[in-house]
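# Fold and geometry: a report
What follows is the residue order along each chain.
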Amino acid sequence: ETGVTQTPRHLVMGMTNKKSLKCEQHLGHNAMYWYKQSAKKPLELMFVYSLEERVENNSVPSRFSPECPNSSHLFLHLHTLQPEDSALYLCASSQLTGGLGYTFGSGTRLTVV
Amino acid sequence: TQLLEQSPQFLSIQEGENLTVYCNSSSVFSSLQWYRQEPGEGPVLLVTVVTGGEVKKLKRLTFQFGDARKDSSLHITAAQPGDTGLYLCAADSWGKLQFGAGTQVVVTP
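To keep things clear, this report deals only with the structure shown in the data block.

## Focus on the nonpolar core
Ranked by size, the top nonpolar core spans 23 residues in total, and within it Leu19, Leu32, Trp34, Phe63 and Leu74 of chain B carry the most contacts. Among the secondary structure elements, those contributing two or more residues to this core are strand E2 (10-14), strand E3 (19-24), strand E4 (32-37), strand E5 (44-49), strand E7 (61-65), strand E8 (71-76), strand E9 (85-93) and strand E11 (103-108) of chain B. The next biggest cluster of nonpolar side chains, apart from the first, holds 22 residues, and it includes Leu11, Leu21, Leu81 and Val112 of chain A.

## Here we look at the sheet that holds strand E6 (residues 55-58) of chain B
All names here are of chain B. Strand order in the open sheet made by the five strands is E1-E3-E8-E7-E6, with antiparallel pairing throughout. Every other strand in the sheet has two partners, leaving strand E1 (5-7) and E6 as the edge strands with one partner each. Along the sheet, successive strands turn relative to each other by an average axial angle of 15 degrees, direction set aside. When E7 meets E8, the two strands line up antiparallel, connected through five bridges. From the neighbouring strand, Thr62 faces E8, where its bridge partner is His75.

## Here we look at the pattern of salt bridges
All names here are of chain A. For the structure shown, the criterion picks out six salt bridges over all chains. In this structure, the salt-bridge partner of Glu44 is Lys41, at a minimum N-O distance of 3.5 Å. The class of Glu44 is partly exposed, set by a relative accessible area of 30%. Exposure remark for Lys41: the relative accessible area of 43% places this residue in the partly exposed category.

## Things to note about the packing of aromatic side chains
Summed over all chains, the structure comprises eight aromatic pairs over all chains. With a centroid separation of 4.2 Å and an interplanar angle of 20 degrees, the aromatic rings of Tyr33 of chain A and Tyr102 of chain A are classed as stacked. Highlighted residues: Tyr33 of chain A in strand E4 (residues 31-37) and Tyr102 of chain A in the loop between strand E9 (87-94) and strand E10 (103-104), separated in sequence by 69 residues. When sorted by exposure, Tyr33 of chain A lands in the same class as Tyr102 of chain A, which is buried. Summarising the aromatic geometry, the rings of Phe104 of chain A and Tyr35 of chain B are spaced 5.9 Å apart at their centres and angled 90 degrees between planes, so their arrangement reads as edge-to-face. Here Phe104 of chain A, found in strand E10, pairs with Tyr35 of chain B, found in strand E4, and the two come from separate chains. With relative accessibility at 1%, the residue Phe104 of chain A sits in the buried group. The structure contains a cluster of three or more aromatic residues connected by ring pairs, namely Tyr33, Tyr35, Tyr102 and Phe104 of chain A together with Tyr35 and Phe99 of chain B.

Conventions used here
Residues numbered from 1 in each chain as written. Chains lettered and ligands numbered in written order. Predicted model: local features only at pLDDT ≥ 70, side-chain atom pairs only at ≥ 80, totals over all residues. Heavy atoms only, no water. Core = buried A, V, L, I, M, F, W, Y, C linked by side-chain atoms within 4.5 Å. Buried < 20%, exposed > 50% of the residue type's maximum accessible area, 1.4 Å probe, protein only. Helix = DSSP H or I, 4+ residues; strand = E, 2+ residues; numbered from the N terminus. Pairing = 2+ DSSP bridges. Axes fitted to C-alpha atoms, helices over the stretch in contact; angles between N-to-C directions. Salt bridge = Lys/Arg side-chain N within 4 Å of Asp/Glu carboxyl O. Phe/Tyr/Trp six-rings, centres within 6.5 Å; stacked < 30°, edge-to-face > 60°.

Treat this as a map of the structure, not an account of what it does.
The following block contains the structure:
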């Protein structure tokens, strides 16, 4: 248990479905992140929230919609996804943004069919 | 082009052997981190190196930060099956943590 909990661990969804990924951190951190991990590619930063405000959106398609209601919770809302969106989605938190160590959750393995 | 280039991409060795993985860049970093990711889990931070030329040891793992702070290496002595995993280096770039693609290490008994 890292202190960052992601649910669900696995998700299979059709291209017309709407689903949400949840992340919760119990570390008192001020920043939270969504990363996408595809096979043999570097982790791709999707969204950064610092003190509950979005500070970074790396040109992610609008079919991914983040929400950060408070400093402990982060959601990723999914709709009309494509098969190429199948990947491991990782949530992380840190005390501050930047070069300090991140604590990751175990991820959600998403399969779009 | 990737900010951080890791090599090799894959490494398979026998228990008891030594191994070294590399993380290289043309950019200078204020710090660099190493993570290990096991199947079905997220990356776990192993170490952060900050000073050029710095060497840090974590049991059988030795981490080195290059003098120019552009590269780093991870050396494992007498590898064990429990060392199997994806080793990732990461560095801060304009306030965001960027990752290399990783080195997959497999240690067989």
